[in-house]
Amino acid sequence: MRIRNILAVVVAMSMTCFAAAQSPSPAPSLAPEPPTDLIVADTPDDAGNSVEVHWNLSQNDVFNTLLSDTQEVNPQQIVATYAVERKVTDGNGNEVSDEDASWRKVSEIGAGESQWTDRSVNLGWSYDYRVCAVDNQGDKSTWCNASGSVTPVMQMFNMSKAWLAIWMLLFGAFIAYFINCARSGKTLWVRKIAGLEAIDEAVGRATEMGRPILFVAGIQDINEIQTLAGLTVLSRVAKTAAEYGAQIEVPTCRSLVMAAARETVEAAYLAAGAPDSYQPDRIHYLTDEQFAFVAGVTGYMVREKPAACIYMGGFYAESLILAETGNHIGAIQVAGTAMPSQLPFFVASCDYTLIGEEFFAASAYLSGDPLQIGSLKGQDYGKFLSVLVLLTGIFFATTISMTESDESDGFGTGALNYIKNNILGNEGFGSFGGGDTDIEGDDS
Amino acid sequence: MKRTVPLIIAIVAGFVLLIANFIPFAEGWGLKAQEWFNILAVGAMVLGGGNLVKLHLMKVSGQRKGWGYSLVTIVCFFGTIIIGMSKMGVHPNALYPDYAWSGYYLESGSGLWWIYQHMIVPLTSMMFAMLAFYVATAAFRAFRAKNTEATLLLVTAGIVLLGRTYAGVWLFGWLDWLPESITHFNLFSITWLPIDLYSLQFDRLTVWIMEIPNTAGTRAITIGIALGVVATSLRILLGVDRSYLGQD
């Protein structure tokens with residue numbers, strides 16, 4: 001009997017142990033470590049409609065470079081996202097809904113990200129934020145709260161663009177001064193631009209040959225400055241064509257450009273005293289599609305063989321196709337664009353090319369209007385000022401590379417940083433000497 | 001009046017966008033102006049389409065030179081509109097199965113999708129591929145050594161062309177056999193100029209050409225362009241330049 005009792009106890013204990021091994025035991029908490037040092041701040045230089053939220057990555061975030069090399073991360077605790085919650089603490093006199101007044105999730109940010117900008121805040125309201133890490137299993141860490149609430153405020157002026165404003169004012173002052181000089185009768189000298197001088201020659205040649213002039217104002221829309229600059233040249237070309245009795249063909253890539261070009265050409269014909277020669281159908285819309293437009297224009301070029309092809313505006317890859325086709329048909333070609341990547345193609349294929357600023361100077365140059373010529377002189381002085389800043393930067397960069405190390409806190413480094421980050425950058429007036437100096441290979 | 005109103009609109013819109021760049025309160029104004037422009041552009045599409053059809057119909061009816069192309073254009077124009085507007089081949093949206101036209105107009109397999117994938121994309125690619133031949137003919141003309149500048153261009157282009165291919169590495173493979181004291185010998189100890197044998201390898205020289213002289217030249221042009229844009233904008237904003245409206 002006693003042996004049976006002992007056996008029964010042993011069997012019962014074995015079964016209990018077996019059952020215990022089979023049934024799930026209460027799992028230990030595998031929640032990831034929370035993010036730390038949550039900082040919330042009003043976004044500077046904005047209209048009070050956003051708040052910046054920063055935190056330090058959780059220790060279980062594999063993107064946490066400080067810890068990943070020294071600490072083994074439990075695969076079940078690896079952070080997948082960060083949940084950001086917000087609640088309104090003060091509605092600035094407005095009624096706050098219950099939902100907003102309590103914690104609610106406003107964003108979920110992927111692992112490795114340590115900042116987020118909340119763009120759904122109201123001006124003058126106060127907000128509290130908290131953030132937690134969420135792992136692969138959906139387990140949440142404890143919350144990391146910000147030390148205080150934040151109230152978005154609107155700035156009157158975007159101070160990060162203070163230097164840009166100064167540059168614009170200085171530049172505007174130069175232009176205004178020289179326009180005033182021109183008004184008072186002072187003669188201003190402007191160097192000859194061969195490409196623009198050639199326009200009359202091209203129109204004359206087309207007239208002699210009895211062939212049309214092709215004018216392409218780029219493939220951009222009317223809200224682009226290059227298209228406007230192209231139309232100003234078109235005005236002059238159309239006027240000359242009207243005076244000579246030549247026909248001008250203007251295919252456009254945008255409907256609005258067609259409408260504007262018609263107005264321009266009509267006024268030019270009127271100014272030339274030949275309103276009856278104006279043919280609106282010669283200024284026509286082809287298509288918005290880049291290469292379909294090129295196919296249409298080159299088809300026209302091959303069929304009609306215009307004597308002069310003038311390309312003035314914003315161009316992309318189609319520039320070379322247009323210019324090479326014009327070259328093959330033997331047309332005299334003048335091009336102008338502010339697209340640096342397309343300039344080599346025009347230079348290789350056209351007789352004359354207006355490079356960048358020459359293209360923008362065309363309108364003033366062609367008009368001969370003293371007021372516009374004055375603006376060109378102002379532009380030159382602006383360029384002079386820019387070169388001075390550049391030379392100063394080059395001087396400091398060269399001096400640093402020859403005398404100081406990159407970590408140096410010397411005057412040269414400070415000056416160079418200030419030029420790069422403040423005067424030419426977007427850090428406003430800022431403080432002198434901040435930021436990094438990366439001279440070699442810096443593309444900023 | 002015909003010129004004054006557009007001029008006033010241009011000046012006001014220009015100043016609004018300028019102010020919006022510096023004053024946070026007005027930063028939404030620029031977006032609003034862009035929305036207005038988009039609405040105008042959509043309206044103008046009708047104008048452009050109408051003009052396109054009118055011109056090609058006139059060409060076909062007059063049987064002028066190349067009228068066959070115009071006929072193809074008109075057929076394609078109306079064909080695309082009909083297929084697109086009728087959403088041919090588009091299945092109803094799963095949320096609104098009872099509405100035959102509720103599907104996405106560019107649904108995979110639909111008529112418009114087919115036109116885009118099997119006509120527009122190959123035709124566009126064909127035009128783009130032709131660039132390679134145009135580059136060859138333009139390069140042939142540009143690289144003729146007519147004067148000093150053209151010769152310099154030819155030599156530079158040759159180095160960059162070779163440097164961007166394996167030939168650049170292969171041509172200077174023999175340098176590996178020389179000791180570093182020879183390949184890295186720099187007579188004047190000027191590190192920023194590629195004057196030692198090691199730096200003169202075409203692949204390395206190409207990087208130097210692209211990063212130093214090429215970047216410098218591009219930046220010079222870009223600065224000029226930026227100043228030109230500001231000056232032109234100011235001329236338009238101040239109403240000094242009105243030639244784009246048809247006035248000299």
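Residues numbered from 1 in each chain as written. Chains lettered and ligands numbered in written order. Predicted model: local features only at pLDDT ≥ 70, side-chain atom pairs only at ≥ 80, totals over all residues.

**With respect to the overall build of chain A**
As a reminder, the rule being used: Where helices and strands are cited, they refer to DSSP runs of H or I of at least four residues and of E of at least two residues respectively, numbered from the N terminus. Burial in this document is a count-based property: other C-beta atoms within 10 Å of a residue's C-beta are tallied, and the residue is buried at 20 or more, exposed at 12 or fewer, or partly exposed in between, with C-beta positions derived from the backbone. Two residues form a contact once the distance between their C-beta atoms, set from the backbone, is within 7 Å.
Looking only at helices and strands, one finds 13 helices and 13 strands in chain A. Counting the 444 residues in chain A, one finds 41% classified as buried. Contacts spanning at least 24 positions in sequence make up 68% of the contacts within chain A whose residues lie at least 6 apart.

**Notes on unusual backbone geometry**
Residue and element names in this part refer to chain B. Although it is not a glycine, Gln-63 sits at a positive phi angle of roughly 45°. Residue position: Gln-63 is located in the loop between α2 (27-61) and α3 (67-85). Taking the C-beta count within 10 Å as the criterion, Gln-63 has 9 such neighbours and is therefore assigned exposed.

**A word on the environment of A:Gln220**
Residue and element names in this part refer to chain A. By the secondary structure assignment, Gln-220 is in the loop between β8 (213-216) and α6 (225-244). For the pair Gln-220 and Gly-313, spaced 93 residues apart in sequence, the C-alpha separation works out to 7.7 Å. Setting aside its immediate chain neighbours within four residues, Gln-220 contacts Gln-226, Thr-227, Gly-313 and Gly-314.

**Things to note about the domain arrangement of chain B**
Our working definition: Throughout, the edges of the domains are those of an automatic or database domain assignment.
As far as domains go, chain B holds domain 1 (4-131) and domain 2 (134-211). A C-alpha centroid distance of 47 Å is found between domain 1 of chain B and domain 2 of chain B.

**Quick look at the domain arrangement of chain A**
Split by domain assignment, chain A resolves into domain 1 (36-145) and domain 2 (194-368). Distance between the C-alpha centres of domain 1 of chain A and domain 2 of chain A: 55 Å.

**Observations concerning the interface of chain B and chain A**
If you look at the interface, chain B gives 53 residues, while chain A gives 64 residues. Mapped by element, the contributors of at least two residues to the side of chain B that touches chain A are α1 (4-22), α2, α4 (111-129), α5 (131-142) and α10 (213-237) of chain B. Sort the elements by how many residues they give to the side of chain B that touches chain A and α10(B) lands first, with 16 residues.

**Let's talk about the sheet that holds strand β1 (residues 36-42) of chain A**
Residues and elements named next belong to chain A. Rules: Any two strands with at least two DSSP bridges between them are considered paired. Angles shown run from 0 to 180 degrees and are taken between the N-to-C directions of axes, each axis being a line fitted to C-alpha atoms and, for helices, limited to the stretch in contact.
Read across the sheet, 3 strands follow the order β1-β2-β5 without closing on themselves; strand pairing throughout is antiparallel. Lying at the two open borders of the sheet, with one neighbouring strand each, are β1 and β5 (115-118). Pairs of neighbouring strands in the sheet enclose a mean axial angle of 15°, with direction left out of account. Sheet analysis places strand β2 (residues 51-56) next to β5, joined by 4 bridges and oriented antiparallel. Paired with His-54 across the two strands is Gln-115, which belongs to β5.

**A word on the sheet that holds strand β3 (residues 79-90) of chain A**
Residue and element names in this part refer to chain A. The 4 strands lie next to each other as β4-β3-β6-β7, forming an open sheet whose pairing is antiparallel. Because the sheet does not close on itself, it has two edges, and the strands there are β4 (104-110) and β7 (144-145). Where β3 meets strand β6 (residues 126-135), 10 bridges bridge the pair, whose relative direction is antiparallel. Across the sheet, residue Val-88 finds its bridge partner in β6, namely Tyr-127.

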